[in-house]
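# Residue-level structural notes
Below are the chains, spelled out letter by letter.
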Amino acid sequence: MPEIVDASILALEERALAAWPALETRDVGGWLVRRAGGCTKRANSANALQPEAPFEDVRAAVEAFYACADLPAIFRLSPLVPSDVDRALANAGYSLVDPSLVLTAPLTVPLLAPSAPRSDILLTERPDPDWLDGVAQANGVAPRLREAHTAIVSAIQPPTAFATLRDGDTPVAFGLAVVDSAMVGLFDVVVLPGFRKRGHGEALCRALLDWGRSRGAGAAYLQVTKTNLAARQLYARLGFETAYCYHYRVRSAPEIA
């Protein structure tokens with residue numbers, strides 16, 4: 001394991017994993033192994049927190065855990081992972097997918113000053129049908145995974161805010177905020193194709209960040225793939241900066257978002 005565990009990264013990892021719960025979890029030698037019917041890699045991967053067991057033993061246990069559910073073994077590799085793990089997985093035939101960034105921002109900069117409430121943005125404590133349908137459509141959630149996705153978001157512990165932005169009478173943009181330990185995390189921020197590049201995503205993020213600050217959050221975090229340049233530009237305008245990177249190693253190409 002790393003000689004020194006970065007406490008700030010560990011705290012962010014634990015907070016983000018709790019904010020997006022799996023339906024089943026298991027601790028394997030300091031790795032949190034999560035399973036949720038194959039819906040999202042975040043909820044269906046092994047995540048190192050304070051790894052201590054020999055990695056070959058961990059890999060065997062993780063592969064067995066997913067094999068019994070007919071799911072591919074997935075490892076999410078953050079800076080908390082021992083340096084030789086990535087090479088070991090590559091040598092074992094695991095492909096590198098979705099290099100991603102964890103971004104953070106203070107909620108005190110002038111750019112994030114509270115904005116006037118917008119009548120076209122609805123915030124609810126729990127997901128309603130418009131939100132569930134819209135996120136599934138925008139993210140391309142397969143019908144067979146809809147039930148698992150609903151179970152994941154329904155299992156999130158409050159305080160939460162599920163945001164829906166309407167263009168006229170049509171729900172077109174969606175997002176989720178979760179407050180924990182004076183930080184607010186943003187998840188599932190998506191805009192339907194055909195309604196992008198109209199400022200909907202930024203308006204939605206501002207509303208969620210304002211909500212988080214009203215619940216006592218002094219900082220925010222989120223996760224974004226490196227290839228999503230449009231989202232990264234939006235988050236940069238809102239004051240987000242890179243805290244650290246992670247990526248996944250997948251043995252066989254999964255049908256997991």
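Structure report, in brief. (Residues numbered from 1 in each chain as written. Predicted model: local features only at pLDDT ≥ 70, side-chain atom pairs only at ≥ 80, totals over all residues. Heavy atoms only, no water.)

## Points about the overall build of the protein
Looking only at helices and strands, one finds 7 helices and 11 strands in the protein. The globule rule puts the C-alpha radius of gyration for 257 residues at 18 Å, and the 18 Å found for the protein is close to it. By its C-alpha atoms, the protein is 55 × 40 × 30 Å across when sized along the principal axes. Counting the 257 residues in the protein, one finds 50% classified as buried. Counting every atom, the protein has about 11800 Å² of accessible surface; 52% of that belongs to carbon and sulfur. One finds the centroid of the 25 positive side-chain charges in the protein at a distance of 5 Å from the centroid of its 28 negative side-chain charges. (Helix = DSSP H or I, 4+ residues; strand = E, 2+ residues; numbered from the N terminus. Rg over C-alpha atoms; globule rule 2.2 N^0.38 Å. Buried < 20%, exposed > 50% of the residue type's maximum accessible area, 1.4 Å probe, protein only. Areas by Shrake-Rupley, 256 points an atom, 1.4 Å probe, with all protein chains shown as cover. Lys, Arg positive; Asp, Glu negative; His and termini not counted. Charge placed at Lys NZ, Arg CZ, Asp CG, Glu CD.)

## Considering helix 7 (residues 229–237)
All of the buried residues in helix 7 are A231, L234 and Y235. Taken end-on, helix 7 shows its buried residues confined to a sector of 95°, consistent with a single buried face. In helix 7, the exposed positions that point more than 90 degrees away from the buried face belong to L229 and Q233. The inward-facing, buried residues of helix 7 abut strand 5 (95–106), strand 9 (183–191), helix 6 (200–214) and strand 10 (219–225). (Arc of directions from axis to C-beta. Contact = heavy atoms within 4.5 Å.)

## As for the packing of aromatic side chains
Per the stated rule, a full pass over the model turns up 10 aromatic pairs. Ring centres of Y246 and Y248 lie 5.8 Å apart, and the angle between their planes is 85°; on these two criteria the pair is classed as edge-to-face. The same class applies to Y246 and to Y248, which are both buried. Joined through ring pairs, the aromatic side chains of W31, F55, F75 and Y94 make up one cluster. The ring of Y248 has K41 lying over it, and the distance from NZ or CZ to the ring centre is 5.4 Å. (Phe/Tyr/Trp six-rings, centres within 6.5 Å; stacked < 30°, edge-to-face > 60°. Lys NZ or Arg CZ within 6 Å of the ring centre and 35° of its normal.)

## Section: the pattern of salt bridges
Evaluation of the coordinates by the stated rule reveals 13 salt bridges. Among the ionic pairs, R76 bridges to E13, the shortest N-O distance being 2.5 Å. One end of the pair, R76, is in strand 4 (residues 74–77); the other, E13, is in helix 1 (residues 7–19), and 63 residues separate them in sequence. Residue classification places R76 among the buried positions, given a relative accessible area of 3%. Between D130 and R166 there is a salt bridge, with the nearest N and O atoms lying 2.5 Å from each other. (Salt bridge = Lys/Arg side-chain N within 4 Å of Asp/Glu carboxyl O.)

## Regarding the state of the cysteines
The full count for this structure, using the stated rule, is 0 disulfides. The closest cysteine sulfur to the non-disulfide-bonded C39 is located on C68, 18 Å from its own sulfur. On the basis of relative accessible area, C39 is assigned to the buried category, the value being 3%. Using a relative accessible area of 60% as the deciding quantity, one classes C68 as exposed. (Disulfide = S-S within 2.5 Å.)

## What about the nonpolar core?
Of all hydrophobic cores here, the largest spans 39 residues; its most connected members are W20, W131, V153, L176, F187 and Y221. Considering each element in turn, this core owes the most residues, 6 residues, to helix 1. Core analysis: the next-biggest nonpolar cluster, separate from the first, contains 31 residues, L103, L107, L208 and V224 among them. (Core = buried A, V, L, I, M, F, W, Y, C linked by side-chain atoms within 4.5 Å.)

## Observations concerning the sheet that holds strand 1 (residues 24–28)
The 11 strands lie next to each other as 1-2-3-4-11-5-10-9-8-7-6, forming an open sheet whose pairing is mixed. If you trace the sheet from one side to the other, it starts and ends with strand 1 and strand 6 (121–124), each paired once. Here the strands of the sheet are splayed against their neighbours by 25° on average, with no regard to which way each runs. By the bridge criterion, 8 bridges tie strand 7 (residues 160–167) to strand 8 (residues 170–180) in an arrangement that is antiparallel. Counted as the bridge partner of T164 is F174 from strand 8. (Pairing = 2+ DSSP bridges. Axes fitted to C-alpha atoms, helices over the stretch in contact; angles between N-to-C directions.)

That's the geometry; what it means functionally is another story.
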